[in-house]
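One-letter residues, chain by chain:
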Amino acid sequence: MARARCGGGPAAWAVAVAAAAWVLWAAAAAEARAPAGRVHRHLKRLNKPAVKSIESPDGDIIDCVHIAHQPAFDHPLLKNHTIQFRPAYHPEGLYDDAKSSIGSNNAGEKPMLQMWHRNGRCPEGTVPIRRTKKDDLLRASSMRRYGRKRHTAPNPLSVDPNMLSEGGHQHAIAYVEGDKYYGAKATINVWEPKIQQANEFSLSQLWILGGSFGEDLNSIEAGWQVSPDLYGDNNTRLFTYWTSDAYQATGCYNILCSGFIQINSEIAMGASIFPISNYAGSQYDISILIWKDPKEGNWWMQFGKEYVLGYWPSFLFSYLADSASMIEWGGEVVNSEPDGAHTSTQMGSGHFPEEGFGKASYFKNIQVVDSSNQLSTPKGVGTFTEQSNCYDVQNGNNGDWGTYFYYGGPGKNSNCP
């Protein structure tokens, strides 16, 4: 009986093995190119190996990542960067703030925590990073745009009415311009504004701006925000942002790209702030300071009185490599005009400034850092809002709060259709 033989010998066998390997490689390459493969690779790039992970009561996972492994060091110019663990200089006058609150039975700021602190803390030598989940990426318009804004900062000097609500963004801000600024500070009342549409947000922040409002705007931003699209819920969260080209190709929220170098193990960018102010009840504030270290030139951020969070290296910027030309403080919302009407997304507390303390949101003790590295009262403060019947701003000055303003509103109402 004849037996079947495998012809061709070793050469044929080698060809068969190579062909099989090519098929496997092609399949793997196709999988990587598929949406699921791209999501996996993007998540791997964002979520660095953790020394410890903490589950927050709000469902977030906070990864404690070794300080040298954070996303900032993905930047080609930071590969050999020596981490600066503390600023060479703080602004003078940093701890001169007034401590009392207008109309409040509870003077001073109440201690602020982040919700994940209830379940643990990160060890020294690590930084806490909110883990990006698959659903976070899938909510984005594209993975390339994940964690990025799609608009420019408010330009209160614009005289073009078509630019006032560019992209549906509306503001109620105070600002200074016309000088060189080396930082800014504010104490910001914290609320949880209601968001009508998932693609809308509400935030309260300060802007450090340099350049023009065209294609070369430099901006450093920090504050609190509610953004269902970015985070998947309606929690109030600490955030930062930076760009060096008017939000086109550079920069991102928090540490969702390389840039900001975090040194602090206590506070996580993008994590929920707790507790939140209540209407006609307890009020809670956060303090944010951003300043340019006059020795190293980096832009530093401090949260509250204790937490120096980290810095943006000066080489990230063009205009801000020297100084800022405008500072803005205030609120911003997205008005997507659902059903052709103004959104009911709230700004601040959702109430107008005239309601005052305990009901309207505020910024107090707003200051700028001058060329002598001194915190000082801003001069010539202007205010700006596109539609005061929807969101408004009213500023003032007194001995307790220094320069302050109330801002915000409900959005859609009988006078804001």
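Computed from a predicted model, the values in this text were never measured in an experiment.

Rules used in this analysis
Going along each chain's sequence as written, the residues are numbered from 1 onward. Side-chain atom pairs in this predicted model are given and counted only at pLDDT of 80 or more, local residue features only at pLDDT of at least 70, and totals for whole chains, interfaces and linings cover all residues. Just so you know, side-chain values use all the structure's heavy atoms and leave hydrogens and water out. Runs of E in the DSSP output that reach at least two residues are strands. Runs of H or I that reach at least four are helices, and both are numbered from the N terminus. Expected helix span is computed as 1.5 Å times (number of residues minus one). Burial here depends on accessible area, computed with a 1.4 Å probe over protein chains only, as a share of the maximum for the residue type. Under 20% is buried, over 50% is exposed, and the range in between is partly exposed. Two cysteine sulfurs form a disulfide in these notes if their separation is within 2.5 Å. Among buried residues, the Ala, Val, Leu, Ile, Met, Phe, Trp, Tyr and Cys ones that are joined through side-chain atoms within 4.5 Å form a nonpolar core. Nitrogen and oxygen atoms within 3.5 Å of one another constitute a polar contact, given that in protein one can donate a hydrogen and the other can accept it, and given that sequence-neighbouring residues count only through two side-chain atoms. Should any heavy atoms of two residues lie within 4.5 Å, those residues are considered in contact.

1. Remarks on helix α2 (residues 35-46)
In an α-helix, one turn spans 3.6 residues, which is why side chains three or four residues apart end up on the same side. Taking 1.5 Å per residue as the helical rise, α2 with its 12 residues ought to reach 16 Å, and the 17 Å between its terminal C-alpha atoms agrees with that figure. Here α2 has its buried residues at G37, V39, H42, L43 and L46.

2. Description of the state of the cysteines
Think of a disulfide as a covalent bridge from one cysteine sulfur atom to another cysteine sulfur atom. A complete count under the given rule lists 3 disulfides for this structure. Residue pairing for C252: its cysteine sulfur links by disulfide to C257, the two sulfurs lying 2.2 Å apart. Here the disulfide of C252 and C257 is left-handed, its torsion about the S-S bond being about -85 degrees. Judged by its relative accessible area of 19%, C257 falls in the buried class.

3. Remarks on the nonpolar core
Of all hydrophobic cores here, the largest spans 94 residues; its most connected members are I208, I288, I290, M301, W312 and W329. The next biggest cluster of nonpolar side chains, apart from the first, holds 7 residues, and it includes I54, I62, W116 and A268.

4. As for the side chain of Q262
Along the polypeptide, Q262 turns up in strand β11 (residues 261-262). There is a polar contact of 3.0 Å between the side chain of Q262 and the backbone oxygen of N264. Leaving out residues up to four positions away in the same chain, Q262 has contacts with I67, Q70, V127, P128, I255, I267, M269, L309 and G310.

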